[in-house]
Amino acid sequence: MQLSVRIAKRLSKSFSLEAEFDAPAGFAMLLGPSGAGKTTLLNCIAGLLRPDAGRIALGERVLFDSASRTNLPVQERKLGYLFQNLALFPHLTIAQNVKYGISHLPAEQRSERMTAMLESFRIAHLVDRKPSEISGGERQRAALARSLVTNPTMLLLDEPLLALDVVTKAKIVDDLRIWNAEHAIPIVYVTHSPQEAYALGERVVVLDAGRVVGRGMPNEVLAAPRHETIAQIVGFENVFDVTVKSVSESQGTMLCQMDGSLTEIDVPLGHVEIGERVRIAIRAGDIIAATERPQHLSARNNFAARIVSIRREGPRVILLIEAGVTFEVHVTPRACDELGLAEGSPVWLVIKSYSCHLVAPRE
Amino acid sequence: MTRVVKNRSAPAFGLIAALVLALLAANPVQAGAGEITIAAASDLTFAFKDLTARVHKQTGNSVKLSYGSSGNFFSQIQSGAPYDLFFSADIDYPKKLEGAELTEPGTLYEYATGKLVLWVPTASKLDLKRGLAVLTEPSIRKIAIANPQHAPYGRATVAAMEHAGIYDQVKQKLVLGENISQAAQFVESGNADHGVLALSLAVAPAMKEKGRYVEVPSEDYPAIIQAAVILKSSHEKETAQAFLKFIKTPASLALMAQYGFTILNQIAGEQNHESAPN
Amino acid sequence: MMDWSAIFLTLRLALVVCALLLIIGMPIASWLSFSKWRYKFFVESIVALPLVLPPTVLGFYVLVAMGSQSPFGRWYQSISGHAMPFTFTGLVIASVIYSLPFAVQPMTAAFGQVDRNLINASSTLGASRLRTFIRIVLPLSLGGVVTGVVLSFAHTLGEFGVVLMVGGNIPGVTQTVSIAIYDHVQALDYAGANHMALLLLAFSFITLSITYSLNRRAGIFYRPYRDSALRPEVGFAKTRRH
């Protein structure tokens, strides 16, 4: 069962959503900064919002199609939707909440299904409690149980685990994974955390300003960002505009001059012409700082530089280093101490060509 | 902690619907047999209280009274108000209703004429012998009269004031009661210091205690001819007839006279009018 | 001296009116709070009109509309055999119109405060709009509905101008307590007026007290989550209750 989405929805004069992606059974992570249109996209899929044009289908079942004027009402889309605030009915008990979506079943069957569901999410003991009387993690489980007890054909999650700690979250996700091993439905999971996307996702769709800017397997999309938004989301602290000076087809690299300085940097070859401007992204943790001029290294880029500032942030040290342009470099506290790094002291920067990622600039 | 709310809404809706139906069906609107509703000019307030008690005692019929200004009743009856009998303070209204065929033919009955009095509170030192002219005294702030637009006593009052040549001088001091009974209430409560009222109200015990009065000479204003008529829409015409008959008995007329009405009928033949009662 | 027929009539009028307002008011209120129609303010203004209109204006038009000159009045007369003004039915219709905002406005406000996600959640769980309304919206806005009913009940009890214009002053048919008081005062029967007035005063005070105390309890009733951990704005760093 695969969810295919291709829709356009204009929300205001300045914002419109145009998105296309497929999500087979399993986790599809919808990643993007706030305001990217993630919840809008989810609401279109759910049928809470009507797209202006496009098509949404789940396997053979067409949920929305502007061409054939199909628009299944929410009630008939057979989906589970976990809202950001969970939307558990505050005046009903957990049992009543979970039974809410299966009221068409006979009472006995309803109780059976409810109990089984609560047991598989380990909250069977909470049946008679109200949502206000249980913990945050328990509420997430209750809300999941309420959505899944209806045997939905897909599940939409709108950052539902935002407020939970990592351990609680991992346990819930594990239970959800176990459940989905049997049911195999597409689970569209909205998040703005790349860690979460890495950890959970079988697929990632990156959304920015209403457009899909990247999609694929997490390691492909996130490790080699081809878009500035992805670069920023995933934590590429260094993003530079550069101009292509020369191209070496045999080496698979090209030499670029960084804007605002004479510094030249060797980066992987892209589909660009000489003289064209491109954008590159480099993780702060991928840059090496050395107190002596490095020798016998495979890395192609070695810059003489000077430390501008040193700032400790938890278990890491953030260095701002000036080499024509300013790089952000992350090192461990021990490395910092043993090298005797200090503000104003000269250093060498070492950057592998393959640590430089070409990204498409944000429109 | 919170309380469980079960889905009891559906039965609740049924309950409400049933309640509405029951209340609409349990209908005390239709008066029972032998019960009539009378629209009575408010100068009859005290006289009719007495009179209807006697009717009930003697005939077992009960009478519901609605007091107000005759003009207001006139327009209500035109719009279909469900009265059985109309006692107007001014014969013009029943006559107009008769013309519009809203009355039972041949039932129009002139029973009395009303009298105007000038009323002052006990404490007032004004010389009532001067008649309406005393109202020009600067110490007088407010004079209660009935609204001349739809109360016959109000019209008579304005005519009498014009006759005395004081209307323009006192116009600013007039306080208009919706009907003559409200004008009486204004002076009785002290909200107005003086008033031109119906004699039938001034003689009532509640008013007698609080002030004194003098009759306005009846030649100074057009006669306030009181007339009753049975309405065509009445479902209790026989009871209404019986009530009219009761009014015409000497005992009833004597009672009316006690309340300050001048009786014009067969007995007091010398005061007969051209349009004699039938 | 208590005028029991006026008291009974008034209670009956108020009960019928507030029951009708419950039935008419809830659909209007739910439409007003959920509709996205751009000219909704038009309907809102019409509903609120009786709040600012003098009772005489309303009474006048209701009287005209019910009279034998109007198609509606003629239609009613042809099916019922008598004219509508100065009848109990006429009084009910006029009072329903006059008390409409007192029922609809608290209900609209209460419906509007129900978290939209709860309504959406109910839809995604397959519930029809009616089921969502009855099982989710209504229980969560019970305070507003009760307030609306009680206010319209109390308002109908105390209504004067419209009742006088449309109902006249017919004992046992349209003479309500407030009109009976007016009548007693005109007949200089202050003791009678005082008895009735005290009754109305006490009753109004008790009704309002009950409403306000209900609303206070309702305030606790609707708070969906005690701790703030679930509010989306709160980040990971915040601790939760376990």
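Residues numbered from 1 in each chain as written. Chains lettered and ligands numbered in written order. Predicted model: local features only at pLDDT ≥ 70, side-chain atom pairs only at ≥ 80, totals over all residues.

Asker: What is the right way to read the overall build of chain C from this model?
Answerer: The secondary structure content of chain C amounts to 11 helices and 0 strands. Going from N to C terminus, chain C has its helices and strands arranged as α-α-α-α-α-α-α-α-α-α-α. When contacts within chain C are restricted to residue pairs at least 6 apart in sequence, long-range pairs at least 24 apart make up 73% of them. (Helix = DSSP H or I, 4+ residues; strand = E, 2+ residues; numbered from the N terminus. Contact = placed C-beta atoms within 7 Å.)

Asker: Any chance you could explain the overall build of chain A here in plain terms?
Answerer: In terms of helices and strands, chain A carries 9 helices and 21 strands. Expressed as lengths along the three principal axes of its C-alpha atoms, the size of chain A is roughly 80 × 50 × 35 Å. Relative to its 363 residues, chain A shows a buried fraction of 44%. (Buried ≥ 20, exposed ≤ 12 C-beta atoms within 10 Å, placed from the backbone.)

Asker: What should I look at first to understand helix 2 (residues 40–52) of chain C in this one?
Answerer: At 3.6 residues per turn, the α-helix brings residues three or four places apart onto the same side. Under the 1.5 Å per step criterion, the end-to-end length of helix 2 of chain C is 19 Å for 13 residues, consistent within 8% with the ideal 18 Å. The largest bend in helix 2 of chain C comes to about 30°, at C:Ile46, with the proline C:Pro50 one to four residues further on. (Expected span 1.5 Å × (residues − 1). Bend = angle between axes of the 7 residues up to and from the residue.)

Asker: Honestly, the sheet that holds strand 7 (residues 174–177) of chain B in this entry has me stumped. Any pointers?
Answerer: Strands in a sheet are paired, the pairing made by backbone hydrogen bonds, and the direction either parallel or antiparallel. Residue and element names in this part refer to chain B. Taking strand neighbours across the sheet as the criterion, the 5 strands line up as 7-6-8-5-9 in an open arrangement whose pairing is mixed. Lying at the two open borders of the sheet, with one neighbouring strand each, are strand 7 and strand 9 (211–215). For this sheet the average axis-to-axis angle between neighbouring strands, irrespective of direction, equals 30°. Note that strand 5 (residues 116–121) and strand 8 (residues 194–198) share 4 bridges and pair antiparallel. Considered in strand 8, the bridge of Trp-119 is made with Gly-195. (Pairing = 2+ DSSP bridges. Axes fitted to C-alpha atoms, helices over the stretch in contact; angles between N-to-C directions.)

Asker: Hey, could you run me through the sheet that holds strand 18 (residues 316–323) of chain A in this one?
Answerer: Residue and element names in this part refer to chain A. Across the sheet, 5 strands lie side by side as 16-20-17-18-19; this open sheet has antiparallel pairing. Sheet topology places strand 16 (288–290) and strand 19 (325–331) at the edges, where each strand pairs with a single neighbour. On average, each strand axis in the sheet is inclined to that of its neighbour by 40°, with strand direction left out of account. Bridge count between strand 16 and strand 20 (residues 346–351): 3 bridges; the pairing is antiparallel. Opposite Ile-288, over in strand 20, you have Val-350 as the bridge partner.

Asker: What's the story with the packing of helix 3 (residues 70–78) of chain B against helix 4 (residues 92–99) of chain B in this structure? I'm lost.
Answerer: Residue and element names in this part refer to chain B. The interhelical angle for the contact between helix 3 and helix 4, taken along N-to-C directions, is 15°, at an axis separation of 10 Å. Viewed along their axes, helix 3 and helix 4 adopt a mutual orientation that is roughly parallel. Here helix 3 runs over helix 4; the crossing is right-handed. Between helix 3 and helix 4, the contacting residues are Ser-70, Gly-71, Phe-74 and Ile-77 on the first element and Tyr-93, Lys-96 and Leu-97 on the second. For the contact of helix 3 with helix 4, the class distribution of residues is 4 nonpolar, 2 polar and 1 charged. (Parallel < 35°, antiparallel > 145°, perpendicular 65-115°, else oblique. Left-handed = near helix turned anticlockwise from the far one by under 90°. Nonpolar A, V, L, I, M, F, W, Y, C, P; charged D, E, K, R; others polar.)

Asker: Would you mind going over unusual backbone geometry with me for this structure?
Answerer: Working note: non-glycine residues mostly have negative phi, and peptide bonds are mostly trans. The backbone of A:Ala184 sits at a positive phi, close to 50°, despite the residue not being glycine. You can see A:Ala184 is positioned in the loop between helix 5 (166–183) and strand 9 (186–191). The backbone phi angle of B:Glu101 is positive, close to 60°, even though this residue is not glycine. With respect to the helices and strands, the residue B:Glu101 is situated in the loop between helix 4 and strand 4 (109–114).

Asker: Help me understand the packing of helix 6 (residues 116–124) of chain C against helix 7 (residues 129–140) of chain C in this model?
Answerer: Angle between the axes and distance between the axes: these two values describe a pair of packed helices. Residues and elements named next belong to chain C. The contact between helix 6 and helix 7 brings their axes to 10 Å, and the two run at 140°. Here helix 6 lies oblique to helix 7, going by the angle between them. The way helix 6 lies across helix 7 gives a crossing that is right-handed. Taking contact as the criterion, the partners of Leu-118, Ile-119, Ser-122 and Ser-123 in helix 6 are, on helix 7, Thr-132, Ile-136 and Val-137. Classifying every residue of the contact of helix 6 with helix 7 gives 4 nonpolar, 3 polar and no charged.

Asker: Teacher, can you tell me more about helix 10 (residues 177–186) of chain C here?
Answerer: The buried fraction of helix 10 of chain C is high, at 10 of 10 residues. All of the buried residues in helix 10 of chain C are C:Val177, C:Ser178, C:Ile179, C:Ala180, C:Ile181, C:Tyr182, C:Asp183, C:His184, C:Val185 and C:Gln186.

Asker: I keep staring at the environment of B:Leu85 and nothing clicks. Help me out?
Answerer: All names here are of chain B. Of note, Leu-85 is situated in strand 3 (residues 85–88). You can call Leu-85 buried: it has 27 C-beta atoms within 10 Å. Leu-85 has contacts with Ile-36, Ile-38, Ala-228, Ile-230, Leu-231, Ala-240 and Phe-243, leaving out every residue within four places of it along the chain.

Asker: For this particular structure, what's the right way to read the pairing of strand 2 (residues 62–68) of chain B?
Answerer: Residue and element names in this part refer to chain B. Counting buried positions along strand 2 gives 5 out of 7 residues, so the element sits mostly inside the fold. When strand 1 (residues 35–41) meets strand 2, the two strands line up parallel, connected through 7 bridges. Note on strand 2: the bridge partner recorded for Ile-38 is Leu-65. A crossover connection joins strand 1 to the parallel strand 2 through helix 2 (residues 45–59); in handedness this β-α-β unit is right-handed. (Right-handed = clockwise from strand over helix to strand, strands pointing away.)

Asker: What should I look at first to understand the nonpolar core in this one?
Answerer: Nonpolar side chains in soluble globular proteins tend to be buried together. Formed by 250 residues in total, the largest nonpolar core has its most connected members in A:Leu156 and B:Leu85. In contact with A:Leu156, other than residues within four places in its own chain, are A:Leu42, A:Ile45, A:Ala46, A:Leu79, A:Gly80, A:Tyr81, A:Leu82 and A:Val188. (Core = buried A, V, L, I, M, F, W, Y, C linked by C-beta atoms within 7 Å.)

Asker: Is there a simple way to explain the domain arrangement of chain A in this structure?
Answerer: Accessible area lost when the parts come together is the quantity often used to give the size of an interface. What the domain assignment reports for chain A is domain 1 (3–225) and domain 2 (236–359). Centre-to-centre, using C-alpha coordinates, domain 1 of chain A lies 40 Å away from domain 2 of chain A. (Domains from an automatic or database assignment.)

Asker: Can you help me understand the confidence of the model for chain C in this one?
Answerer: Atomic detail in the predicted coordinates should be set aside for any region of low pLDDT. Mean pLDDT over chain C stands at 81; residues scoring 70 or higher make up 88%. Confidence drops under pLDDT 50 across residues 219–242 of chain C; counting only partners more than four residues distant or on other chains, this segment forms 37 contacts. (pLDDT = per-residue confidence, 0-100.)

Asker: For this particular structure, what's the right way to read the pairing of strand 3 of chain B?
Answerer: Regular strands place side chains that alternate from one sheet face to the opposite one. Residue and element names in this part refer to chain B. Here strand 3 shows two buried faces, one formed by Leu-85 and Phe-87 and the other by Phe-86 and Ser-88. With 3 bridges joining them, strand 1 and strand 3 adopt parallel strand pairing. Bridge assignment links Ala-40 to a residue of strand 3, and that residue is Phe-87. As defined by bridge partners, strand 3 adjoins strand 10 (residues 224–230) across 4 bridges and the pair is classed as antiparallel. Counted as the bridge partner of Ser-88 is Ala-227 from strand 10.

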